[in-house]
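# Reading the structure
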Amino acid sequence: MKIIRTIIPVIILFPVIAQGAYLKSLVVLDFVNIENNPENRYLISSITFAVKKELKKRFVFKELPTETLKKVSETNFIYKDEYHTKTASINIGLLARQDIVISGKFYIKQGATVAVIVTTVHIFDIKKRSIISSFTIEGPADNRIWDTIKIIAKRISDKAKSILPNKAEWKRLGLKETKPLAPIFINPVIGIRGGVYYYS
């Protein structure tokens, strides 16, 4: 009697880590005072700080250290007055190995009765090289300026909830905090200004 041996392949299924299973890295670039009016310079840090504070209050993410951002920018000749542009935002995100970059600009104009601050915000998905959200918001720039800044920060935070886990989700999903990859510091002689873009 002939014995036929059949080999049955065994497929071992390994658990798949869902996309977004790790904490996202994020940087909020200084908002640009496009009028370069020294009287409004204080709003640069005020708006940027308010946005960071609101995001930290609601979400969990890895923030890029200020010194690292400064070094990446200076090494690659990316100037602060360009931070609101798509090119600067995405290149900083790629070079600093960030998942999300938030940038924006503002100026103050005279409204019908009071001065108005006009703020434009961009939220970038660096891996996709795309804009997650882009909007412009206006508000009074008189003695209510601080309320306007809070509204700006809240609006950005509301837009970010589609890409950042809140603190409850962090605990429920058990997201992992990985060691961040080292930023790319390239030779300033052949930096971004020299035509070298890191899109890999």
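Everything that follows concerns the structure shown earlier in this document.
Described in the following lines is the structure provided in the data block. Only a predicted model underlies this, so the values are computations on that prediction, with no experimental measurement involved. (Residues numbered from 1 in each chain as written. Predicted model: local features only at pLDDT ≥ 70, side-chain atom pairs only at ≥ 80, totals over all residues. Heavy atoms only, no water.)

## Looking at the overall build of the protein
Threshold: Under the scheme used here, helices are H or I runs from DSSP no shorter than 4 residues and strands are E runs no shorter than 2 residues, and both carry numbers assigned from the N terminus. Using a 1.4 Å probe on the protein chains alone, a residue whose accessible area is under 20% of its type maximum counts as buried, one over 50% counts as exposed, and one in between counts as partly exposed. Two residues form a contact once any of their heavy atoms are found within 4.5 Å. The method behind every accessible area is Shrake-Rupley, applied with a 1.4 Å probe, and residues are considered shielded solely by the protein chains displayed.
Helix and strand counts for the protein come out as five helices and six strands. Going from the N terminus to the C terminus, the protein shows its helices and strands as β-β-α-β-α-α-β-β-β-α-α. Looking at the protein residue by residue over its 200 residues, the buried ones come to 41%. Partitioning the intrachain contacts of the protein with sequence separation of at least 6 by distance along the chain shows that 67% fall at a separation of at least 24. Total accessible area on the protein stands at roughly 12500 Å², and carbon and sulfur atoms take up 57% of it.

## Let's talk about helix H1 (residues 42-58)
Think of an α-helix as turning once every 3.6 residues; residues three or four places apart then point the same way. Rule in force here: The span you would expect from a helix comes to 1.5 Å times its residue count less one.
Over its 17 residues, H1 runs 25 Å from end to end, which matches the ideal 24 Å to within 8%, given 1.5 Å per residue. All of the buried residues in H1 are Leu43, Ser46, Ile47, Thr48, Ala50, Val51, Glu54 and Leu55. In this structure, the buried residues of H1 make contact with strand S1 (25-28), strand S4 (100-110), strand S5 (115-125) and helix H4 (145-160).

## Section: the pairing of strand S6 (residues 130-140)
Selection criterion: Strand pairing follows a simple DSSP-based rule, namely that at least 2 bridges must link the two strands.
With 10 bridges joining them, S5 and S6 adopt antiparallel strand pairing. Counterpart to His122 in the pairing with S6 is Ser134.

## Considerations on the pattern of salt bridges
So the rule is basically this: Salt bridges are counted wherever a side-chain nitrogen of Lys or Arg sits within 4 Å of a carboxyl oxygen of Asp or Glu.
One pass over the full model with this rule turns up nine salt bridges. Residue Lys52 pairs with Glu63 through a salt bridge whose shortest N-O separation is 3.6 Å. Of this pair, Lys52 sits in helix H1 while Glu63 sits in strand S3 (residues 62-63), and the two are 11 residues apart along the sequence. Take Glu63: its relative accessible area is 33%, and that puts it in the partly exposed class. In this structure, Glu138 engages Lys109 in a salt bridge whose closest nitrogen and oxygen atoms are separated by 3.5 Å. Taken as a pair, Glu138 in strand S6 and Lys109 in strand S4 lie far apart in primary sequence, 29 residues in all. Overall, Glu138 belongs to the partly exposed group, its relative accessible area being 49%. When its relative accessible area of 34% is taken as the criterion, Lys109 is described as partly exposed. By sharing partners, the salt bridges in this structure join Lys52, Lys56 and Glu63 into a single network.

## Points about unusual backbone geometry
With a phi close to 55°, Asn36 is a non-glycine residue in the positive phi region. By the element assignment, Asn36 lies in the loop between strand S2 (32-33) and H1. For Asn36, a relative accessible area of 59% translates into the label exposed. Even without a glycine there, the phi angle at Phe77 is positive, about 55°. Checked against the element boundaries, Phe77 lands in the loop between helix H2 (66-75) and helix H3 (86-95).

## As for the environment of Phe31
Note on placement: Phe31 falls in the loop between S1 and S2. Judged by its relative accessible area of 1%, Phe31 falls in the buried class.

## As for the packing of aromatic side chains
Given two aromatic rings, one states the distance between the centres and the angle between the planes to describe the pair. Definition in use: The aromatic pairing rule takes the rings of Phe, Tyr and Trp, using the six-membered ring of Trp, and pairs them if the centres are within 6.5 Å, calling planes under 30 degrees apart stacked, those over 60 edge-to-face and the rest tilted. Either the NZ atom of lysine or the CZ atom of arginine qualifies as a charge over a ring when it sits within 6 Å of the ring centre and within 35 degrees of the ring normal.
One pass over the structure, following the stated rule, counts one aromatic pair. A cation over an aromatic ring shows up here: Arg155 above the ring of Phe135, its NZ or CZ 4.3 Å from the ring centre.

## Structural notes on H4
Between its first and last C-alpha atoms H4 spans 23 Å; for 16 residues at 1.5 Å apiece the expected length is 22 Å, and the two agree. All of the buried residues along H4 are Ile145, Thr148, Ile149, Ile152, Ala153, Ile156, Ser157 and Ala160. The inward-facing, buried residues of H4 contact H1, S4, S5 and S6.

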